[in-house]
Amino acid sequence: MSDTRAPLRVAMVGYAFMGRAHSQGWRTAPRFFDLPVDPEMAVLVGRTQSSAEEAARTLGWAEVSTDWREVIERDDIDLVDICTPGHTHAEIAVAALRAGKHVLVEKPMANTLAEAEEMTRAAQEAASNGVLSMVGFTYRRVPAVQLARQLVAEGRIGEVRQVRAQYLQDWLADADAPLSWRLDKEKAGSGALGDIGAHIVDLTHFITGQRVTGVAGMLDTFVTERPVAESFSGLHGTGGSERGPVTVDDAALFLGRLSGGAPATFEATRYAWGRKNAMRIEVSGSTGSLAFDFEEMNVLSLFDGTDDPRTAGFRRILVTEPDHPYIEHWWPAGHGLGYEHGFTHQVVDLCEAVAAGEQPRPSFEDGLAVQRVLDAVERSSADRSVMTETGG
Ligand code: SOE
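Residues numbered from 1 in each chain as written. Predicted model: local features only at pLDDT ≥ 70, side-chain atom pairs only at ≥ 80, totals over all residues.

If you check an unreviewed UniProt entry, the protein appears there as Gfo/Idh/MocA family oxidoreductase from Georgenia halotolerans.

Draft legend 1. Just the overall build of the protein, in detail. Per the secondary structure count, the protein includes 10 helices and 16 strands. Here the C-alpha radius of gyration of the protein, 21 Å, is about what a compact globule of 392 residues would show, namely 21 Å. Summarising its shape, the C-alpha atoms of the protein cover approximately 60 × 55 × 40 Å along the three principal directions. The proportion of buried residues among the 392 residues of the protein is 46%. When contacts within the protein are restricted to residue pairs at least 6 apart in sequence, those whose partners lie at least 24 apart make up 70%. (Helix = DSSP H or I, 4+ residues; strand = E, 2+ residues; numbered from the N terminus. Rg over C-alpha atoms; globule rule 2.2 N^0.38 Å. Buried ≥ 20, exposed ≤ 12 C-beta atoms within 10 Å, placed from the backbone. Contact = placed C-beta atoms within 7 Å.)

Draft legend 2. Just the sheet that holds strand β8 (residues 212-220), in detail. Read across the open sheet, the 8 strands follow the order β8-β11-β12-β7-β13-β14-β15-β16; overall the sheet is mixed. The two strands at the open ends of the sheet, each matched to only one other strand, are β8 and β16 (315-318). Across the sheet, the mean angle from the axis of one strand to that of its neighbour is 15°, orientation sign disregarded. Here helix α8 (residues 192-208) sits on the sheet in contact with β7 (160-168), β8, β11 (251-258), β12 (263-269) and β13 (278-285), set at roughly 150° to β7. Packed onto the sheet, helix α10 (residues 364-382) meets β8 and β11 and runs at close to 50° relative to β8. (Pairing = 2+ DSSP bridges. Axes fitted to C-alpha atoms, helices over the stretch in contact; angles between N-to-C directions.)

Draft legend 3. Here's a closer look at the packing of helix α4 (residues 89-98) against helix α5 (residues 113-127). Running from N to C, α4 and α5 cross one another at 10°; their axes reach a closest spacing of 9 Å. The angle between α4 and α5 falls in the class roughly parallel. At the point where α4 passes α5, the crossing takes the left-handed sense. Of α5, the residues touching α4 (which contributes Ala-90, Ala-93, Val-94, Leu-97 and Arg-98) are Glu-115, Glu-118, Met-119, Ala-122, Ala-123 and Ala-126. In terms of residue class, the contact of α4 with α5 is built from 8 nonpolar, no polar and 3 charged. (Parallel < 35°, antiparallel > 145°, perpendicular 65-115°, else oblique. Left-handed = near helix turned anticlockwise from the far one by under 90°. Nonpolar A, V, L, I, M, F, W, Y, C, P; charged D, E, K, R; others polar.)

Shown next, in the form of structure tokens:
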């Protein structure tokens with residue numbers, strides 16, 4: 001039977017860690033979900049022809065190019081997926097939107113607030129011509145996170161009183177872990193703040209349905225020089241004797257106030273020995289609490305404060321039932337999902353939005369809301385006056 005669905009011809013720029021994760025999403029989504037469009041992994045764009053060709057072969061892209069400007073002008077491309085370091089996001093995204101291509105951009109959407117504002121303006125203009133855009137905050141697409149949002153919206157924990165959000169990793173805890181673009185302010189914009197702090201800000205916005213309206217922040221850099229990388233892949237590499245400067249924060253801690261009035265605490269660090277990808281959020285409400293930790297990503301914990309105190313306790317919900325978000329398309333209950341599934345769900349949701357001509361979320365406006373928080377944390381940290389001296 002012939003496929004009557006419209007093709008969605010994708011060009012992806014970048015093919016390192018995030019590019020591999022996005023490729024997995026594009027390949028897998030049509031195999032497990034009944035998509036309303038037919039995504040085609042058309043062109044992979046990289047800086048070097050031979051490396052791009054090798055990546056395209058491994059990841060399953062039909063063609064390669066070393067010129068994103070030429071690719072975004074092509075009539076046979078519908079969507080541009082941007083998986084490059086942050087300093088290139090704004091230029092590629094704005095140009096692609098103006099060329100009439102839908103855009104998916106990795107988080108954080110930009111390196112600066114000004115870039116994020118420019119991107120949002122371009123997205124709003126493009127939307128009036130039916131051109132859509134989305135930011136890749138993939139953790140929104142973890143089933144347990146979706147369930148948390150549903151339960152908060154249904155009032156299962158009452159009014160949101162407090163949020164505790166942490167993102168703890170340890171891939172930089174070793175002072176000899178080598179430099180990469182993620183440690184270079186020119187390329188990454190910021191360190192733990194934008195790389196992983198952005199995720200917990202977005203998650204707080206998503207789960208509570210509220211925005212962070214004010215912050216008091218502290219940024220710290222513990223290791224100011226590191227070995228220059230001789231080889232690097234994903235988050236790890238080897239360095240030689242030459243050392244270079246680290247120009248971003250290693251840890252970002254901040255207090256926030258949510259639009260509904262609740263206080264929130266945030267901690268993003270790549271220095272928490274033993275914590276590999278502990279993205280945690282706990283929301284305490286007026287009648288109960290919810291807790292999530294990505295290191296146990298198939299679980300959501302719910303405490304109902306109205307339960308009989310003799311038997312009350314955190315209920316450990318295994319979010320693998322067919323009734324849970326996205327799960328009916330996967331494995332039988334208890335078989336569980338992993339990191340890559342968020343990227344597949346992202347493709348599913350994006351394809352559905354494109355087919356319906358509806359704004360996908362997180363929109364560039366949602367990404368801008370996160371960027372405003374990151375920017376405010378940087379300003380707050382630079383302004384030491386937010387610290388009240390103890391005299392001790
Ligand atoms: C590195 O800290 C990183 O790869 C982030 O950049 C990703 O967004 C996160 O999903 C995993 O950790």
